[in-house]
Amino acid sequence: MDIIRVVAAVIIDAQGRFLVARKRGTAVFMQAGGKVEPDEAPLDALVRELDEELGVQIGPEHAQRLGVFEAPAAHEPAATVLAEVYRVACAQEPHAHAEIEEIAWITPGADDQRAFAPLTELLLDQFRASA
Ligand SMILES: Nc1nc2c([nH]c(=O)n2[C@H]2C[C@H](O)[C@@H](COP(=O)(O)OP(=O)(O)OP(=O)(O)O)O2)c(=O)[nH]1
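Just so we're clear, the structure is a prediction, and the values are computed from it rather than from any experiment. (Residues numbered from 1 in each chain as written. Predicted model: local features only at pLDDT ≥ 70, side-chain atom pairs only at ≥ 80, totals over all residues. Heavy atoms only, no water.)

**Q** Would you mind going over the sheet that holds strand β3 (residues 28-30) with me for this structure?
**A** The pairing of strands in a sheet comes from backbone hydrogen bonds and takes either a parallel or an antiparallel form. Strand order in the open sheet formed by four strands is β7-β2-β3-β8, with mixed pairing between adjacent strands. Strands at the two margins of the open sheet, each flanked by one partner only, are β7 (100-106) and β8 (115-116). When strand β2 (residues 18-23) meets β7, the two strands line up antiparallel, connected through six bridges. Within β7, the position partnered with Arg22 by the bridge is Glu102. (Pairing = 2+ DSSP bridges. Helix = DSSP H or I, 4+ residues; strand = E, 2+ residues; numbered from the N terminus.)

**Q** Please clarify how the pairing of β2 should be interpreted in this entry.
**A** Among the six residues of β2, five are classified as buried, and the element is accordingly described as predominantly covered. Strand direction decides the pairing type here: β2 and β3, joined by two bridges, are antiparallel. For Arg22, the partnering residue across the bridge sits in β3 and is Phe29. The antiparallel hairpin formed by β2 and β3 contains four residues in its connecting segment, where Gly25 sits at a positive phi of about 80 degrees. (Buried < 20%, exposed > 50% of the residue type's maximum accessible area, 1.4 Å probe, protein only.)

**Q** Help me understand helix α2 (residues 118-127), please; the structure alone is not making it clear to me.
**A** Side chains of residues three or four places apart in an α-helix project in the same direction, reflecting 3.6 residues per turn. For α2, the complete set of buried residues consists of Leu119, Thr120, Leu123, Leu124 and Phe127. Take α2 and look down its axis: the buried residues cluster within an arc of 135 degrees, on one side only. (Arc of directions from axis to C-beta.)

**Q** Can you walk me through the site of the ligand in this structure?
**A** Residues in contact with the ligand amount to 14 residues; listed here are only the nearest, Lys23, Gln31, Lys35, Ala74 and Glu76. Note that a nitrogen atom of the ligand is positioned 3.0 Å from one of the backbone N or O atoms of Gln31. With respect to the ligand, the side chain of Glu76 contributes an N or O atom lying 2.9 Å from an oxygen atom. For the ligand, whose unbound accessible area comes to 620 Å², protein coverage reaches 75%. Those elements giving two or more residues to the shell around the ligand turn out to be β4 (32-35) and α2. The element contributing the most residues to the shell around the ligand is β4, with three residues. Taken together, the residues of the shell around the ligand break down into seven nonpolar, four polar and three charged. (Near = heavy atom within 4 Å. Polar contact = N/O pair within 3.5 Å; in protein donor to acceptor, adjacent residues only side chain to side chain. Areas by Shrake-Rupley, 256 points an atom, 1.4 Å probe, with all protein chains shown as cover. Nonpolar A, V, L, I, M, F, W, Y, C, P; charged D, E, K, R; others polar.)

Below you can see the structure in the form of structure tokens.
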């Protein structure tokens, strides 16, 4: 089975809503983040991806490592994502940039018609209590 190593950001606003993003040409909302480049440290990948996708600049001090989470990949049927997940305190307002077509703030537990990546479903469940 293919393993896709990614970093993923849990960004929660003052109302306890989770930020998710949808890439151009896809239907599924997922965590901001992306693949870790060869020889790139996960935290550096996180800082780079949040700048590229959301236009927010964070320092390492704004990211708290939550651990590694595993879930079926959203787009590749036989693949698994192994995600280094960080809780990110975002001082700037995120916007959809580059390959991101849309962002949305999700209330965990609320009825929502959007489709989410399995990793996002897992994280929504996991952090519902702490939101
Ligand atoms: N960022 C992110 N990626 C996820 C999640 N769940 C999930 O299956 N993935 C998958 C989708 C992609 O295959 C991969 C993320 O890598 P990426 O953002 O660089 O996506 P990409 O394929 O557009 O990048 P690239 O190959 O064009 O460089 O991980 C998630 O919650 N967040």
